[in-house]
Amino acid sequence: MGEESKKQLIEEINLLRQQKNAIILAHYYQPDEIQDIADFVGDSLQLAQQAANTKADVIVFCGVHFMAESASILSPEKIVLLPEPGAGCPLADMINAEELREEKRKHPGAKVVCYVNSSAEVKAESDICCTSSNAEKVVASLEGQDILFVPDGNLGKYVAAKTKRKIISWPGFCPTHHRVSKEDVLQSRELHPDAKVLVHPECREEVWQEADYVGSTSGIIKYAENSSAKKFIIGTECGILHQLRKRCPDKEFYLIAKQMMCPNMKKNSLQKVRDSLLTLSPCITVAQEVREKAIAALEKMLTV
Ligand code: 13P
């Protein structure tokens, strides 16, 4: 896209966002130009908080389907738009409501902690949601109870190690993070011996065991901002590099492995944001009976 048409698209988006009283929320994994036009860029928890509290009439959710769905559950009176309706999350698709019900029958009495990367139907079957930035706190809030953690097995294992709790984890995974290996960490360290290794807890145990810091996308950014180190190896999706380089222009960032890209997050574009504002579609809604159950798990998370 030429600079001129990009400028024009941004002008149209700015006008439409004003006319429709819309807020544009973007995850750190979104394309750079989307992050740059967003009213707010954040991690999953911060975006859910924004969606729950905004005074806007329209939320343009620049992220993937489960994020827009959570926004709609939390703010049902608002129009929630997902500019690219095909932006899914393979991790969220790794468990459905029936599979969860079956798992609950195997572990009666266990509390279900559900990572927000899940469908509304799965949230509706869960006791409480969590994101990677509050998972430890959420689990700690459920004192003395057995825990069934869905759908991310890597995060479940990480939280079990941190909280020293017995957690039964569903074996789901994010293909982008699961791809990283211990070898990738060792090779990156060899290439950049004075760099700190910062990884997302969706990475495998053999990876987070080797890291200097494990945390959510906002945790990784905060760590890099506050650290006296100058070089960092980043173990999460490549979109985060845009924020890291913007906020820490004097520091150097290297991706931990080659294919750290979420294809779904990259389906969005300025044209799609403009078109969704223009047509107020594609609009994400959640059936009333599912929403009523799912909201309890999401709201419980927001109070922890
Ligand atoms: P954060 O909550 O850390 O932003 O993670 C979102 C996500 O989907 C990671 O793959």
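Counting of residues starts from 1 at the beginning of each chain's written sequence and follows it residue by residue. Local features in this predicted model are restricted to residues whose pLDDT is 70 or higher, and side-chain atom pairs enter the listing and the counts only when it is 80 or higher, whereas totals over whole chains, interfaces and linings include all residues. Water and hydrogen atoms were dropped before computing side-chain values, which therefore reflect all heavy atoms in the structure.

Novice: What is the right way to read the nonpolar core from this model?
Specialist: Looking at soluble globular proteins, one finds that nonpolar side chains tend to be buried together. To qualify as a nonpolar core, a set must consist of buried Ala, Val, Leu, Ile, Met, Phe, Trp, Tyr and Cys residues joined through side-chain atoms within 4.5 Å. Categorising residues by exposure relies on relative accessible area from a 1.4 Å probe, with only protein chains included: less than 20% of the type maximum marks a residue as buried, more than 50% marks it as exposed, and the intermediate range marks it as partly exposed. In terms of nonpolar packing, the biggest core is built from 62 residues, with Phe 61, Val 113 and Val 150 touching the most fellow members. Only heavy atoms matter for contacts: two residues are in contact if any of them lie within 4.5 Å across the pair. Those residues in contact with Val 150 that sit more than four places away from it in its chain are Ile 95, Leu 100, Val 112, Val 113, Cys 114, Tyr 115, Val 122 and Trp 170. The next biggest cluster of nonpolar side chains, apart from the first, holds 30 residues, and it includes Ile 34, Val 58, Leu 198 and Ile 234.

Novice: It is not clear to me how helix 13 (residues 240-247) should be interpreted in this structure. Could you clarify?
Specialist: A turn of α-helix holds 3.6 residues, and therefore any two residues three or four places apart point the same way. Secondary structure elements follow DSSP: runs of H or I of four or more residues count as helices, runs of E of two or more count as strands, with numbering from the N terminus. Among all positions of helix 13, only Ile 240, Leu 241, His 242, Gln 243 and Leu 244 are buried. On its buried face, helix 13 sits against helix 2 (32-37), strand 2 (40-42), helix 12 (217-226), strand 11 (231-235) and strand 12 (252-255).

Novice: What is the right way to look at the sheet that holds strand 7 (residues 147-150) in this model?
Specialist: Neighbouring strands of a sheet are bound in pairs by backbone hydrogen bonds; such pairs are parallel or else antiparallel. Spatial ordering of the open sheet is given by 6-5-7-8, a layout of 4 strands whose pairing is parallel. The open sheet is flanked by strand 6 (128-130) and strand 8 (167-169), the only strands paired with a single partner. The mean angle between the axes of side-by-side strands here comes to 30°, regardless of whether they run parallel or antiparallel. Looking at chain direction, strand 5 (residues 111-115) and strand 7 are connected through 4 bridges and run parallel. Within strand 7, the residue paired with Lys 111 across the bridge is Ile 147. Angular values range over 0 to 180 degrees, each being the angle between N-to-C directions of two axes fitted as lines to C-alpha atoms, with helices fitted over their stretch in contact. Running over the sheet, helix 5 (residues 97-106) touches strand 5, strand 7 and strand 8 and is turned about 160° from strand 7. At least two bridges found by DSSP between two strands are what make those strands a pair.

Novice: Sorry if this is basic, but what is going on with the site of the ligand here?
Specialist: For the ligand, the full set of nearby residues is His 27, Tyr 29, Asp 43, Ser 44, Asn 117, Ser 132, His 177, His 200, Glu 202, Ser 216 and Thr 217. Any pair of N or O atoms that falls within 3.5 Å is considered a polar contact. Within protein, one atom must be able to donate a hydrogen and the other to accept it, and sequence-neighbouring residues count only if both atoms are side-chain atoms. The separation between an oxygen atom of the ligand and a polar side-chain atom of Thr 217 is 2.6 Å. What makes a residue near a molecule or strand is one non-hydrogen atom of that residue sitting within 4 Å of it.

Novice: How do you make sense of the packing of aromatic side chains when you look at a structure like this?
Specialist: The geometry of an aromatic ring pair comes down to the distance between the two centres and the angle between the two planes. Pairs were defined over the aromatic rings of Phe, Tyr and Trp, the Trp ring being its six-membered one, requiring ring centres within 6.5 Å. Orientation was assigned from the angle between planes: stacked under 30 degrees, edge-to-face over 60, tilted for the rest. With the rule as written, the count across this model stands at 3 aromatic pairs. Ring geometry for Tyr 158 against Trp 208: centres 5.0 Å apart, planes inclined by 75°, an arrangement best described as edge-to-face. One end of the pair, Tyr 158, is in helix 8 (residues 153-163); the other, Trp 208, is in helix 11 (residues 205-208), with 50 residues separating them in the sequence. Overall, the relative accessible area of 9% leaves Tyr 158 in the buried class. Residue Trp 208 is classed as buried on the basis of its relative accessible area of 8%.

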